[in-house]
Amino acid sequence: MKRYSVAKTFGIPVPEEITVKGWDAPTPNTPPVEAGYVFRTEILRDILAWLTVGKGEGMFLTGPTGCGKSSCVVQVAARLNIPVYRVTAHSRLEFPELVGQFVMGKNGMTYCYGPLARAMQSGGIFLLDEIDMLDPATAVGLNGIVEGAPLTIPENGGEVIYPHDEFRFVATGNTAGNGDMTGNYSGTLKQNLAFLDRFWVLQVDYPDEKVEQEILGKLGVVPEELIPKFVKAANEIRSMFVAHGDEAWSESRINITMSTRVLIRWATLTVFYGGLSRNGIQPLYYALDRALLFRAQPHERSAVREVVQR
């Protein structure tokens, strides 16, 4: 393990003497560094604090789709050379898929460790995406693991795996584990309170305008004069995406939103399809349809197009 300068490693304005612990070199499970990734100081601060003092507790990042919940964890790990064992949860995910199971090999049946067991053995981050899609009964089976208890594998002769000092458990979800009252995230389930109680909770929202402009700017393909307009349109579309209270049933509500992920897709495709203007096709709307609107209802398409036209 070694110490990394937070200012130099993450490109944020903090004193040089502030450091954080990381791995000496990348491992086969360390994710690649995404060049030009923009870190948000307030989110980075909490992730680094948890990595430093959060042993024995998980971190749960919750927020709307495409806001960067998983990517911020992955890119922190990439720069600190931390291995990441990533799994996407679903209602039929079972505990053996995380821990391991017997498989047929050349020499007969052998036990193959799953991503959770490997993370506990070797250290690193176990990242469980979409945790609010997980069957609560399966999630409760992770209670002891989240708080640092050893893992017992009865199927493998009662083997006990004690967690590595650098083992960390991260979960992400579009809801805060209390169920979806909006109807936007079909299939999410209310999680057990005892399970949720074992996590630090970090609320992640869409970046502010300045940060999103910086994100688009670092793509290196979007004309500089168009970047503020792309971001402004995205924020107006989000303001039309009503997700709370009685307004959720309003006829004027749209059920789509422009996440940062979709914004990047739209801007990139607009530039890519720029040559279509010679054929009388407007690249801005052509790209918008493919980035977002082909999955929208007719009234939603009209509303979003009006925003873009303005």
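Conventions adopted
Residues numbered from 1 in each chain as written. Predicted model: local features only at pLDDT ≥ 70, side-chain atom pairs only at ≥ 80, totals over all residues. Heavy atoms only, no water. Core = buried A, V, L, I, M, F, W, Y, C linked by side-chain atoms within 4.5 Å. Buried < 20%, exposed > 50% of the residue type's maximum accessible area, 1.4 Å probe, protein only. Helix = DSSP H or I, 4+ residues; strand = E, 2+ residues; numbered from the N terminus. Axes fitted to C-alpha atoms, helices over the stretch in contact; angles between N-to-C directions. Parallel < 35°, antiparallel > 145°, perpendicular 65-115°, else oblique. Left-handed = near helix turned anticlockwise from the far one by under 90°. Contact = heavy atoms within 4.5 Å. Nonpolar A, V, L, I, M, F, W, Y, C, P; charged D, E, K, R; others polar. Pairing = 2+ DSSP bridges. Salt bridge = Lys/Arg side-chain N within 4 Å of Asp/Glu carboxyl O. Phe/Tyr/Trp six-rings, centres within 6.5 Å; stacked < 30°, edge-to-face > 60°. Polar contact = N/O pair within 3.5 Å; in protein donor to acceptor, adjacent residues only side chain to side chain.

## Concerning the nonpolar core
In step 1: Among the nonpolar cores identified, the biggest contains 31 residues, and F10, I47, L48, L51, V76, L80 and I125 are the most heavily contacted of them.
In step 2: Only α1 (6–10), α2 (41–53), β3 (58–62), α3 (69–79) and β7 (124–129) provide two or more residues apiece to this core.
In step 3: For this core, the element with the most residues is α2, which contributes six residues.
In step 4: The next biggest cluster of nonpolar side chains, apart from the first, holds 29 residues, and it includes A89, M120, L134 and V146.

## With respect to the packing of helix α11 (residues 260–272) against helix α12 (residues 283–291)
In step 1: α12 packs onto α11 with a crossing angle of 140 degrees between their chain directions and a minimal axis gap of 8 Å. By the criterion of interaxial angle, the relationship of α11 to α12 is oblique. Here the hand of the crossing between α11 and α12 comes out right-handed. Here α11 contributes V262, R265, W266, L269 and T270 to the contact with α12, which in turn contributes P283, L284, A287, L288, R290 and A291.
In step 2: The residue makeup of the contact of α11 with α12, split by class, is eight nonpolar, one polar and two charged.

## Considering the packing of helix α9 (residues 209–217) against helix α10 (residues 227–240)
In step 1: Interaxial distance between α9 and α10 falls to 9 Å at its minimum, and their mutual angle equals 130 degrees. Between α9 and α10, the angle is such that the two are oblique. Helix-helix and strand crossings are classified by hand; for α9 and α10 the assignment is right-handed. The segment α9 lies against α10, with E209, E212, Q213, L216 and G217 engaging I227, P228, F230, V231, N235 and R238.
In step 2: Class assignment for the residues of the contact of α9 with α10 results in five nonpolar, three polar and three charged.

## Notes on the sheet that holds strand β10 (residues 167–173)
In step 1: Pairing in this open sheet of five strands is parallel, and the strands run β4-β7-β10-β3-β11 from one edge to the other. The two strands at the open ends of the sheet, each matched to only one other strand, are β4 (84–88) and β11 (199–203). Within this sheet the neighbouring strands show an average axis-to-axis angle of 20 degrees, counted without direction.
In step 2: Note that β3 and β10 share four bridges and pair parallel. Counted as the bridge partner of T62 is G173 from β10.

## A short note on the pattern of salt bridges
In step 1: Counted under the stated rule, the structure contains nine salt bridges.
In step 2: One salt bridge connects R86 with D129, and the closest N-O pair in it is separated by 2.6 Å. In this pair, R86 is assigned in strand β4 and D129 in strand β7, connecting sequence segments 43 residues apart.
In step 3: What makes D129 buried here is its relative accessible area of 4%.
In step 4: R238 serves as the salt-bridge partner of E212, at 2.7 Å between the closest nitrogen and oxygen. Here the residue E212 occupies a position in helix α9, and R238 occupies one in helix α10, the gap between them amounting to 26 residues.
In step 5: A network of salt bridges, in which partner residues are shared, links D289, R301 and R305.

## Concerning the packing of aromatic side chains
In step 1: Using the criterion set out here, one finds 11 aromatic pairs in the structure.
In step 2: Taking the centre distance of 5.9 Å and the plane angle of 70 degrees together, the rings of F169 and F199 count as edge-to-face. Residue F169 is located in strand β10, and its partner F199 is located in strand β11; the two are separated by 30 residues in the primary sequence. There is no split in this pair, since F169 and F199 are both buried.
In step 3: Between the aromatic rings of Y273 and Y286, the centroid separation amounts to 4.8 Å while the plane-to-plane angle is 75 degrees, which identifies the pairing as edge-to-face.

## Focus on the side chain of E300
In step 1: Mapping E300 onto the fold places it in helix α13 (residues 298–309).
In step 2: Within the structure, the side chain of E300 is placed 2.6 Å from the backbone nitrogen of N255, a separation counted as a polar contact.
In step 3: Residues contacting E300, with those up to four places away along its chain left out, are I254, N255 and I256.

## Some points on the pairing of β3
In step 1: Within β3, five of the five residues are buried, leaving the element largely enclosed by the surrounding structure.
In step 2: The side-chain alternation of β3 yields two buried faces, one formed by G58, F60 and T62 and the other by M59 and L61.
In step 3: Here β3 runs beside β11; their pairing, made up of five bridges, is parallel. When the bridges of β11 are listed, T62 appears paired with Q203.

## A look at the environment of F230
In step 1: Tracing the backbone through its elements, the reader meets F230 in helix α10.
In step 2: Sequence spacing of F230 and V308 is 78 residues, and the spatial spacing of their C-alpha atoms is 8.4 Å.
In step 3: The contacts of F230, once residues within four sequence positions are left out, are L216, V222, L263, W266, A267, T270 and L284.

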